[in-house]
Amino acid sequence: MAGPVYKRVLLKLSGEALMGEDQFGINRASIEHMVKDVIEATQLGVEIAIVIGGGNIFRGVAPGAKGMDRATADYMGMLATVINSLALSDSLRQAGITTRVMSAIGIEQVVESYVRPKALQYLEEGKVVVFAAGTGNPFFTTDTAAALRGAEIGAELVLKATKVDGVYTADPMKDPNATRYSSITFDEAIEKHLEVMDAAAFALCRDQKLPIKVFSILKPGALKRVLLGEDEGTLVHV
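Just so it is clear, the model here is predicted, and its values are computed rather than measured.

Caption draft 1: Inspection of the sheet that holds strand β9 (residues 234–237) at higher detail. Here nine strands make up an open sheet; going across it, the order is β4-β3-β5-β2-β1-β6-β8-β9-β7 and the pairing mixed. Among the strands making up the open sheet, the edge pair consists of β4 (112–113) and β7 (183–185). Sheet topology note: the strand β2 (residues 47–52)/strand β5 (residues 128–132) ladder contains three bridges and is parallel. Each residue of the ladder has a partner; that of V51, found in β5, is F131. Contacting β1 (8–13), β2 and β5, helix α1 (residues 28–43) crosses the sheet at an angle of about 155° to β2. Against the sheet, helix α3 (residues 70–94) engages β1, β2, β3 (99–103) and β5, with an angle of about 165° to β5.

Caption draft 2: The arrangement of the pattern of salt bridges in detail. What the rule picks out here adds up to 14 salt bridges. A salt bridge links E47 to K7; its shortest N-O distance comes to 2.8 Å. Here the residue E47 occupies a position in strand β2, and K7 occupies one in the segment before β1, the gap between them amounting to 40 residues. The class of K7 is exposed, set by a relative accessible area of 51%. With a shortest N-O distance of 3.4 Å, E40 and K36 are connected by a salt bridge.

Caption draft 3: Quick peek at the packing of aromatic side chains. Applying the stated rule across the entire model yields two aromatic pairs. Ring geometry for Y114 versus F131: centroids 5.4 Å apart, planes at 90°, classification edge-to-face. Taken as a pair, Y114 in the loop between β4 and α4 (116–124) and F131 in strand β5 lie far apart in primary sequence, 17 residues in all. Classification of F131 by relative accessible area gives buried; the value is 2%. With a centroid separation of 5.1 Å and 70° between ring planes, the pair formed by F186 and F202 is classed as edge-to-face. Taken together, the residues F186 in helix α6 (residues 186–191) and F202 in helix α7 (residues 199–207) connect sequence positions 16 residues apart. Both residues of the pair, F186 and F202, belong to the buried class. Across from the ring centre of Y114, 3.8 Å away, lies the NZ or CZ of R149, which sits over that ring. Cation over ring: R149 sits above F131, and NZ or CZ is 5.9 Å from the ring centre.

Caption draft 4: Highlighting the environment of E112. Mapping E112 onto the fold places it in strand β4. Under the relative-accessibility criterion, E112 is labelled partly exposed at 27%. With 73 residues separating them in the primary sequence, E112 and T185 have C-alpha atoms 37 Å apart. Among the polar contacts made by the side chain of E112, one reaches the side chain of Y122 at a distance of 3.1 Å.

Caption draft 5: Structural view of the environment of N56. Locating N56 in the fold gives a position in helix α2 (residues 55–65). Between the C-alpha atom of N56 and that of F24, which follows or precedes it by 32 residues, the distance is 4.8 Å. Discounting residues that sit within four places of it in the chain, N56 has contacts with G15, E16, L18, M19, F24, G25, I26 and N84.

Caption draft 6: Here's a closer look at α7. A201, F202 and C205 are the residues of α7 that are buried. Buried residues of α7, seen end-on, are gathered within an arc of 100° and therefore sit on one face of the element. Across from the buried face of α7, at angles greater than 90 degrees, the exposed residues are A199 and D207. Taken together, the buried residues of α7 touch α5 (142–152), β6 (157–162), α6, β8 (212–216) and β9. Two to three positions downstream of the cap, the backbone nitrogen of A200 sits 3.1 Å from a side-chain oxygen, assigning the N-cap of α7 to D198. Note on α7: the residue one or two positions beyond its end, K209, has a positive phi of about 55°.

Calculation criteria
Residues numbered from 1 in each chain as written. Predicted model: local features only at pLDDT ≥ 70, side-chain atom pairs only at ≥ 80, totals over all residues. Heavy atoms only, no water. Pairing = 2+ DSSP bridges. Helix = DSSP H or I, 4+ residues; strand = E, 2+ residues; numbered from the N terminus. Contact = heavy atoms within 4.5 Å. Axes fitted to C-alpha atoms, helices over the stretch in contact; angles between N-to-C directions. Salt bridge = Lys/Arg side-chain N within 4 Å of Asp/Glu carboxyl O. Buried < 20%, exposed > 50% of the residue type's maximum accessible area, 1.4 Å probe, protein only. Phe/Tyr/Trp six-rings, centres within 6.5 Å; stacked < 30°, edge-to-face > 60°. Lys NZ or Arg CZ within 6 Å of the ring centre and 35° of its normal. Polar contact = N/O pair within 3.5 Å; in protein donor to acceptor, adjacent residues only side chain to side chain. Arc of directions from axis to C-beta.

Following this line, the structure appears as structure tokens:
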């Protein structure tokens, strides 16, 4: 079997992906599926960092947060990502994978603070690094955090895990004739109004010439196939 085509990647997982069929919270089967995919990646020798969202936790308190100050709500969302990061890290640890959770906001009694040189050291040592609390600032999404951390650690690729196996010409759930792009440039994605990531994250990746691979987290073995350079998902590039 040929080796991986990437040495270091940043994997962006949505909090919603942890819910599975549940309304909110963490579904055990879903997190075990993610852990299996990450283990396959580490077995290839790929250095992997992860950014995970908090939508699955925040969804449960969203009704009570209605009308709340945006900055306050965003800080709540950051704390939700810490919960998810701890859950994912512990599941990886139980599976025999050494991990480190690094938070963009200071909560040293729970996880260590994000320090770039330390994160790079952990990756070089073969540890899986989970970046929690987004960018540490309100008004920025975890997509932007993924783009930012990916650029900071020198990742060769940002992996955007979604429920759809790539970027399509139209919504495949609504248009049966929609076709998947194998690859597309940043400019083409903008021109065609394709929603790959939020605008700030997309612009950062484009400016840093950091390609994005959009693939389905629900397809078994998809992450491994991406890392091996197979035709899986959609590559967005300069």
